[in-house]
Amino acid sequence: KKKKMPPATLAQIAATHPLVRTVESGEEPTGPAAEAIRRQVESLLAIDMEDPELHEAMDVVADLWKSKGMGNTAENRRNLRSDLERQAVERCEDFVRQMAPMRDMLRQAEANADLLDRQAQDSVEDLERTDAETRRVVAAHEQLLETRDQLQREHDAAVAFR
């Protein structure tokens, strides 16, 4: 079972958020962003500190900070997003690096397939030319046979006439 972060710690984290401090100080936000700030503060205050998903998320963040030898400080919390984005980029770069040989093999396979396709097309064209030439030669052969038979008949008729 995972170790749960005590609600007091979660409350302390929420209390250090600048928007919560502004509201708790009694200062009234002004200007065009006042409504947005009020909604953000309300959503922060509405967080259920006993929510198991929140505890799990906080445990993941705590593990991240421990793995980097960092503490749960305001600065680290501010840098959390960039740290997570950097980790995501590093993992993506690692994935790309690991997949590069496969990408290269797929490119080579594609080039080989293209070459094989060109060679097959060339072979089909050669076969079509050979077939056409063969048909021409067969037609010429049949014509010669017909001519030979005609000459043989004429020769037989000449010999019979003498």
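Residues numbered from 1 in each chain as written. Predicted model: local features only at pLDDT ≥ 70, side-chain atom pairs only at ≥ 80, totals over all residues. Heavy atoms only, no water.

Topic: the overall build of the protein
- Along the backbone of the protein there are six helices and zero strands.
- Ordered by position from N to C terminus, the α and β elements of the protein give α-α-α-α-α-α.
- In the protein, which comprises 162 residues, the share counted as buried stands at 13%.
- Taking the intrachain contacts of the protein between residues at least 6 apart in sequence as the baseline, contacts between residues at least 24 apart amount to 49%.
- Accessible surface, the protein as shown: approximately 13,200 Å² in total, 57% of it carbon and sulfur. (Helix = DSSP H or I, 4+ residues; strand = E, 2+ residues; numbered from the N terminus. Buried < 20%, exposed > 50% of the residue type's maximum accessible area, 1.4 Å probe, protein only. Contact = heavy atoms within 4.5 Å. Areas by Shrake-Rupley, 256 points an atom, 1.4 Å probe, with all protein chains shown as cover.)

A look at the pattern of salt bridges
- This model, assessed by the stated rule, comprises six salt bridges.
- Between R129 and D126 there is a salt bridge, with its nearest N and O atoms 2.1 Å apart. With R129 and D126 both in helix α6 (residues 80-161), this residue pair falls three residues apart, about one helical turn.
- Its relative accessible area of 37% is what places D126 among the partly exposed residues.
- Its salt-bridge partner being D131, residue R135 comes within 3.0 Å of it at the nearest N-O pair. Of this pair, R135 and D131 both sit in helix α6, four residues apart, which is roughly one turn of the helix.
- With relative accessibility at 58%, the residue R135 sits in the exposed group.
- Residue D131 is classed as partly exposed on the basis of its relative accessible area, which comes to 36%. (Salt bridge = Lys/Arg side-chain N within 4 Å of Asp/Glu carboxyl O.)

Description of the confidence of the model for the protein
- Overall, the prediction assigns the protein a mean pLDDT of 80, with 77% of residues at 70 or greater.
- Predicted confidence in the protein is weakest over helix α2 (residues 18-24), with a mean pLDDT of 57, and strongest over α6, with 92. (pLDDT = per-residue confidence, 0-100.)

Some remarks on a nonpolar patch on the surface
- A cluster of nonpolar side chains, namely F95, V96, M99, M102, M105 and L106, defines an oily patch on the protein surface of about 610 Å² accessible area.
- Here M99 is to be found in helix α6. (Patch = residues over 30% accessible without salt bridge, like charges linked within 9 Å, V, L, I, M, F, W, Y side chains within 5 Å.)

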